[in-house]
Amino acid sequence: MGVFSAIGRFFSDLKADFRNYDKKNGDSAAVFSARFFSSYKGVFVQKLTIGRNAASFGIIFLGSKVKSERILLHEYGHYLQLKEMGFFRFLRRVAFPSVTANLLDRMKKLPLPYYGSPWERGADVLGNAAEPTALWHKDAPDRFTKLFPLLFRKKAKVYQRFGVPMPTVPVKPGKKSVKK
């Protein structure tokens with residue numbers, strides 16, 4: 001492909017994104033078909049060359065290889081968290097621990113799955129990316145509150161704050177739950 005055809009394609013794709021832009025778009029397919037930018041339920045979506053990564057901080061950033069509606073819904077959930085908590089609370093309770101946990105996860109030093117954290121599960125629930133009743137790892141509250149003790153002093157309040165039910169230990173079929 002020559003330089004002029006690449007430039008022509010760039011402007012053609014950019015023009016298509018402008019033409020198809022709808023601030024109130026609620027269709028994930030329209031988001032994924034955009035090349036540079038789109039909107040999802042009133043939130044600006046910026047497409048970037050960051051592979052399969054995604055983030056949200058007032059707007060949604062999607063990697064060019066992201067094609068999962070679940071990821072879009074999850075990032076929309078983070079947008080709703082920001083809107084609900086406000087900038088500084090979101091920064092302290094979601095953005096800081098999320099980035100820190102993500103880095104620890106990439107270094108293979110996070111004690112639990114990254115998406116088991118209360119701020120990530122909260123985004124799943126708010127964005128309808130997962131069922132609110134989905135089971136958590138039984139040690140999630142203890143481990144994540146120990147990882148960030150200054151941010152989350154009482155584990156029950158952590159889950160209440162993020163609008164997620166407290167974790168329950170899954171019971172195997174045919175067995176009864178035992179209360180201590």
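Q: So what exactly am I meant to see when it comes to the confidence of the model for the protein here?
A: A low pLDDT means the predicted coordinates there should not be read in detail. Across the protein, the average pLDDT comes to 81, with 72% of residues at or above 70. Low pLDDT (under 50) marks residues 169-173, which in the prediction has 4 contacts with non-local residues, meaning those over four places away or in another chain.

Q: I would appreciate a short explanation of the sheet that holds strand S4 (residues 60-63) in the present structure.
A: Sheet strands associate in pairs through backbone hydrogen bonding, adopting either a parallel or an antiparallel arrangement. Strand order in the open sheet formed by 4 strands is S1-S2-S4-S3, with mixed pairing between adjacent strands. On the outer flanks of this sheet lie strand S1 (37-40) and strand S3 (54-56), each paired with one strand and no other. Strand-to-strand twist in this sheet, taken as the mean axis angle between neighbours without regard to direction, amounts to 25 degrees. Pairing of S3 with S4 involves 3 bridges; the strand directions are antiparallel. Across the sheet, residue Ser56 finds its bridge partner in S4, namely Ile60.

Q: Looking at this structure, I do not really get the nonpolar core. What am I missing?
A: Looking at soluble globular proteins, one finds that nonpolar side chains tend to be buried together. Counting residues in each nonpolar core, the largest one holds 13 residues, and the members touching the most others are Val31, Tyr40, Val45, Ile60, Leu62, Leu72 and Tyr76. Mapped by element, the contributors of at least two residues to this core are helix H2 (28-33), strand S2 (43-48), S4 and helix H3 (69-85). Per element, the largest residue contribution to this core is 4 residues, and it comes from H3. Leaving out residues up to four positions away in the same chain, Leu62 has contacts with Val31, Phe32, Val45, Gln46, Lys47, Leu48, Ile50, Asn53, Ala54, Ile71 and Leu72. Within the second largest apolar cluster, 10 residues are counted, among which are Leu82, Met85, Phe90 and Trp119.

Q: Would you explain the packing of aromatic side chains in this entry?
A: Any two aromatic rings considered together are summarised by their centre-to-centre distance and by the angle between their planes. The tally for this structure, following the rule as stated, stands at 12 aromatic pairs. Considering the side-chain rings of Phe10 and Phe36, the 5.2 Å spacing of their centres and the 70 degrees angle between planes classify their relative orientation as edge-to-face. With a gap of 26 residues between them, Phe10 in helix H1 (residues 3-20) and Phe36 in the loop between H2 and S1 connect regions that are remote in the sequence. Judged by relative accessible area, which is 35%, Phe10 ranks as partly exposed. In textbook terms, an aromatic cluster arises when at least three aromatic residues are bridged by ring pairs, as seen for Phe18, Tyr21, Phe37 and Phe44. If you follow Arg70 out to its NZ or CZ, it ends over the ring of Tyr115, 5.4 Å from the centre.

Definitions and cut-offs
- Residues numbered from 1 in each chain as written.
- Predicted model: local features only at pLDDT ≥ 70, side-chain atom pairs only at ≥ 80, totals over all residues.
- Heavy atoms only, no water.
- pLDDT = per-residue confidence, 0-100.
- Contact = heavy atoms within 4.5 Å.
- Pairing = 2+ DSSP bridges.
- Helix = DSSP H or I, 4+ residues; strand = E, 2+ residues; numbered from the N terminus.
- Axes fitted to C-alpha atoms, helices over the stretch in contact; angles between N-to-C directions.
- Core = buried A, V, L, I, M, F, W, Y, C linked by side-chain atoms within 4.5 Å.
- Buried < 20%, exposed > 50% of the residue type's maximum accessible area, 1.4 Å probe, protein only.
- Phe/Tyr/Trp six-rings, centres within 6.5 Å; stacked < 30°, edge-to-face > 60°.
- Lys NZ or Arg CZ within 6 Å of the ring centre and 35° of its normal.

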